[in-house]
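Coordinates in review
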Amino acid sequence: MPARPLVALLDGRDCTVEMPILKDVATVAFCDAQSTQEIHEKVLNEAVGALMYHTITLSRQDLEKFKALRVIVRIGSGYDNVDIKSAAELGIAVCNIPSSSVEETADSTLCHILNLYRRVTWLHQAMREGNRASSMEQIREVAGGAVRIRGETLGIIGLGRVGQAVALRAKPFGFNVIFYDPYLPDGVERSLGLQRIGTLQDLLMHSDCITLHCSLNEHNHHLINDFTIKQMRHGCFLVNTARGGLVDEKALAQALKEGRIRGTALDVHESEPFSFAQGPLKDAPNVICTPHTAWYSEQASIESREDAAKEIRRAITGHIPDTLRNCVNKEYLLLAAQWPSIDPAAVHPELNGAVAYRHYIIQCDDANDICRKKRCMPSAYWHRSPRHLTFSCRSLPCMLKTKGDGIVPCNILQEGCRETKAYEMTPMP
């Protein structure tokens, strides 16, 4: 029997959480790489599963370097650092872990919002610099810009898990919460007691504070730019704990200097790791920055790693993409024409056909019956049970003939025959 499936943590070193979950079904290795150029040749040639954080990017060119890869699990919610469409075309499922850090990210977002309104960061800095602010005039000077929260309008762009959690946290503080999300089904706003806004422009015009909670894709890169900033209320606040690419930092810096935006709090940045010494925000006033840590707590970190390892396990022991809980490119995967072209020799038998193979169960009166299908690979594995012939095949199984009990190779008798009805089944034992 060939070596067990190889699973690699691409951009990290610590596998202590993942190992207990995967040790009986896979070999787990780490790469600690910042690019695919730093990944060992053995991983590129043999890894069937990959775990990754946000510090490495996988373009189509990068994905093509992997010869046996069938599933990628992003340890976190965002997956903009993976070309999910190209991955599907190469027969690779991409999954994320969207739930483990919802509370932490929402809590951090609200902390940023309150900080901007109550100016806690700047008041702390003033104290550190020796400003006692004892007189009314001194207090007015150091605390200038602090705003009463009740009655302010908080505009949320993207009402997913985190967006909803932020809305529920903001309402008790007195915010009037509105949101814009064209992908959200009708009625969600009523269940949450929120006001839905029909266009992005209307939300920008009616919000005193705007917080971003949408994923990054090719359609919303630099969603906040010079044009959209000019549509905002003069003197509004901006918070971003989603993705740095959503905000044009040059336009934001200019708006801060001109006072069009009163203050901003950013946990994510266009270029990471972020440094105040570089980039357009270095001279901008009223900026709070944190180093992409809004998601983090010890509990959330462990839970996300456990969930990622469990998703890899489901891929190894089940069907891809059907048994995956959070496959983000399933639609592309099912439509991808490349599924039939995956080299069967590159797939580990331990996957039980979970990735590159489709499983079928067909009624047969006898083990010597011929099952007619079309366009199969040169060989397949099958298992006979009473009155059923069960076999796994790369795409559409062609004409196969059984050779006895157990799991043995089958011969192709003819190609191009017409497809017969088949039913998807669970992996073979």
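Shown above is the structure to which this text applies.
Residues numbered from 1 in each chain as written. Predicted model: local features only at pLDDT ≥ 70, side-chain atom pairs only at ≥ 80, totals over all residues. Heavy atoms only, no water.

A separate point is the nonpolar core. Core analysis: the biggest nonpolar cluster contains 30 residues, and I157, I210, L212, M232 and L252 have the highest contact counts within it. Breaking this core down by element, the ones donating at least two residues are β7 (176-180), α10 (200-206), β9 (209-212), β10 (236-240), α12 (249-258), β11 (261-266) and β12 (287-289). Among the elements that line this core, the one with the most residues is α12, at five residues. Every residue in contact with L252, bar those within four places of it in the chain, is listed here: I229, L238, V247, I261, T264, L266 and L281. Of all hydrophobic cores here, the second largest spans 29 residues; its members include A170, L192, L194 and F237. (Core = buried A, V, L, I, M, F, W, Y, C linked by side-chain atoms within 4.5 Å. Buried < 20%, exposed > 50% of the residue type's maximum accessible area, 1.4 Å probe, protein only. Helix = DSSP H or I, 4+ residues; strand = E, 2+ residues; numbered from the N terminus. Contact = heavy atoms within 4.5 Å.)

Within the secondary structure layout, R119 lies in the loop between α5 (102-118) and α6 (120-128). For the buried residue R119, which engages in no salt bridge, the nearest side chain bearing the opposite charge is E129, 11 Å off. At a separation of 3.1 Å, a polar atom in the side chain of R119 contacts the main-chain carbonyl oxygen of G144. Each residue touching R119, except ones within four places of it in the same chain, is listed here: L114, A143, G144, G145, A146 and N286. (Lys, Arg positive; Asp, Glu negative; His and termini not counted. Salt bridge = Lys/Arg side-chain N within 4 Å of Asp/Glu carboxyl O. Polar contact = N/O pair within 3.5 Å; in protein donor to acceptor, adjacent residues only side chain to side chain.)

All right, on to the packing of aromatic side chains then. By the definition in use, this model includes four aromatic pairs. Where F274 meets F276, the ring centres are 5.1 Å apart and the plane angle is 75°; that geometry is what we call edge-to-face. Classification of F274 by relative accessible area gives partly exposed; the value is 24%. With a centroid separation of 5.3 Å and 90° between ring planes, the pair formed by W295 and Y296 is classed as edge-to-face. An aromatic cluster of at least three residues, connected via ring pairs, comprises Y117, F175 and F237. The ring of W122 has R119 lying over it, and the distance from NZ or CZ to the ring centre is 4.4 Å. (Phe/Tyr/Trp six-rings, centres within 6.5 Å; stacked < 30°, edge-to-face > 60°. Lys NZ or Arg CZ within 6 Å of the ring centre and 35° of its normal.)

Burial within strand β3 (residues 47-52) is extensive, with six of its six residues counted as buried. When strand β1 (residues 6-9) meets β3, the two strands line up parallel, connected through four bridges. Within β3, the position partnered with L6 by the bridge is A47. Across four bridges, β3 lies against strand β4 (residues 71-74) in parallel orientation. Looking at β4, one finds that L51 is bridged to V73. (Pairing = 2+ DSSP bridges.)

Geometric values such as these leave the question of function open.
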